[in-house]
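Structure at a glance
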Amino acid sequence: MRRRTIVEWVLTLAVAAVVVLAFEAEVAQPFRVPTASMEPTLLCAKPGLGCTASLNDRVLVAKIVYRFRDPERGEIAVFHAPALARAKCSEGGTYLKRVIGLPGDQVAERDGFVYVDGTKLNEPYVVSWDRDSLTKTWPRLGKGQYFMMGDNRIDSCDSRDWGPVARSAFIGPVVATYWPPTRWTIR
């Protein structure tokens, strides 16, 4: 009887582990917000440069979503950074930024305000003191290219520095903030 109980427990734990690993690999994955580039929307912890919180936000990314649709303007997405990001920002790996430009768009910034194809983008998520004073127009985005920017424009190394992100580099959109509990949000 005791042996049967142990086997049942081991089997239950093994199945649970397989389900969790498959879920993380195929459906959703947690990520930690490491820098101030998305402040105040997503927070990173002090003493990080520009960070304002005592704890890093942790977000859930729905990996399965981009299997069925393309990234949409305005959503926060996680992606594999282009190679040039390491040279320009001194960091590579995965990045978390907001989708600003879609394939075929031309993105411009005038005194810190973003324009897409000549139309000013409504960006309620960017606070006035986090805008920079940059004025520049980037080349029109090609097929499968996206322009990504952090909400904290002053402290964000993004497509303005290293160019567009390929569609194939996207992992998924941020669908929730789950940590710390006081910042729990569904997006």
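That block above? That's the structure.
We now turn to the structure provided with this report. (Residues numbered from 1 in each chain as written. Predicted model: local features only at pLDDT ≥ 70, side-chain atom pairs only at ≥ 80, totals over all residues. Heavy atoms only, no water.)

Observations concerning the overall build of the chain
- The secondary structure content of the chain amounts to three helices and twelve strands.
- For the chain, restricting intrachain contacts to residue pairs at least 6 apart in sequence, the fraction spanning at least 24 positions comes to 61%.
- When the accessible surface of the chain is split by element, carbon and sulfur atoms take 60% of a total near 10500 Å². (Helix = DSSP H or I, 4+ residues; strand = E, 2+ residues; numbered from the N terminus. Contact = heavy atoms within 4.5 Å. Areas by Shrake-Rupley, 256 points an atom, 1.4 Å probe, with all protein chains shown as cover.)

Some thoughts on the state of the cysteines
- Under the counting rule described, the total for this entry stands at two disulfides.
- Across the disulfide from Cys-44 sits Cys-51; the S-S distance is 1.8 Å. In this structure the cystine formed by Cys-44 and Cys-51 twists about its S-S bond by roughly -100 degrees; its chirality is therefore left-handed. Take Cys-44 and Cys-51: they sit in the same class, and that class is buried.
- A disulfide bridge connects Cys-89 with Cys-157, and the sulfur atoms are separated by 1.6 Å. (Disulfide = S-S within 2.5 Å. Buried < 20%, exposed > 50% of the residue type's maximum accessible area, 1.4 Å probe, protein only.)

Points about the sheet that holds strand S7 (residues 119-120)
- Taken in spatial order, the four strands make up an open sheet running S7-S6-S5-S8, and their pairing is antiparallel. Each end of this open sheet is capped by a strand with a single partner; those strands are S7 and strand S8 (136-137).
- With four bridges joining them, strand S5 (residues 107-110) and strand S6 (residues 113-116) adopt antiparallel strand pairing. In the strand pairing of S6, Glu-109 is matched with Val-114. (Pairing = 2+ DSSP bridges.)

Things to note about the pairing of strand S4 (residues 94-101)
- Burial analysis of S4 places seven of its eight residues in the buried class, the great majority of the element.
- Sheet topology note: the strand S3 (residues 76-80)/S4 ladder contains five bridges and is antiparallel. Bridging across to S4, Ala-77 finds its partner in Lys-97.
- Pairing geometry for S4 and strand S9 (residues 145-149), over three bridges, is antiparallel. Residue pairing in the sheet places Arg-98 in a bridge with Met-149 of S9.

Considerations on the side chain of Asp-130
- By the secondary structure assignment, Asp-130 is in the loop between S7 and S8.
- For the buried residue Asp-130, which engages in no salt bridge, the nearest side chain bearing the opposite charge is Arg-153, 8.9 Å off.
- In contact with Asp-130, other than residues within four places in its own chain, are Glu-39, Pro-40, Asp-151, Asn-152, Arg-153 and Ile-154. (Lys, Arg positive; Asp, Glu negative; His and termini not counted. Salt bridge = Lys/Arg side-chain N within 4 Å of Asp/Glu carboxyl O.)

Some details on the pairing of S9
- Counting buried positions along S9 yields four of five residues, so the element is predominantly enclosed.
- With two bridges connecting them, S9 and strand S10 (residues 165-166) associate as antiparallel partners. For Gln-145, the partnering residue across the bridge sits in S10 and is Ala-166.

Observations concerning the environment of Ala-77
- Summarising the element assignment, Ala-77 is placed in strand S3.
- Spatially, the C-alpha atom of Ala-77 lies 5.7 Å from that of Leu-96, the residues being 19 residues apart in sequence.

Thoughts on the nonpolar core
- Phe-79, Tyr-95, Met-148, Trp-162, Val-165 and Phe-170 are the most contacted members of the largest nonpolar core, which totals 15 residues.
- Elements with a minimum of two residues in this core: S3, helix H2 (83-89), S4 and S9.
- Apart from the residues lying within four places of it in its own chain, the contact partners of Met-148 are Ala-77, Phe-79, Lys-97, Arg-98, Val-99, Asp-158, Ser-159, Val-165 and Phe-170. (Core = buried A, V, L, I, M, F, W, Y, C linked by side-chain atoms within 4.5 Å.)

Some details on the packing of aromatic side chains
- Within this structure, the stated rule accounts for seven aromatic pairs.
- Look at Phe-79 and Trp-162: their rings are 6.1 Å apart centre to centre, the planes differ by 55 degrees, and that puts the pair in the tilted class. Remark: Trp-162 occurs in helix H3 (residues 159-162) and Phe-79 occurs in strand S3; sequence separation between them is 83 residues.
- Judged by its relative accessible area of 0%, Phe-79 falls in the buried class.
- Relative to Phe-170, the ring of Tyr-146 has its centre 5.1 Å away and its plane inclined at 70 degrees; by these criteria the two rings are edge-to-face. One end of the pair, Tyr-146, is in strand S9; the other, Phe-170, is in strand S11 (residues 170-179), with 24 residues separating them in the sequence. Just as Tyr-146 is buried, Phe-170 falls in that class too.
- Among the aromatic residues, those joined into a cluster by ring pairs are Tyr-66, Phe-79, Tyr-95, Tyr-146, Trp-162 and Phe-170.
- Positioned above the aromatic ring of Tyr-115 is the side chain of Arg-110, whose terminal nitrogen or guanidinium carbon lies 3.9 Å from the ring centre.
- When the ring centre of Phe-113 is taken as reference, the NZ or CZ atom of Lys-120 above it lies at 4.2 Å. (Phe/Tyr/Trp six-rings, centres within 6.5 Å; stacked < 30°, edge-to-face > 60°. Lys NZ or Arg CZ within 6 Å of the ring centre and 35° of its normal.)

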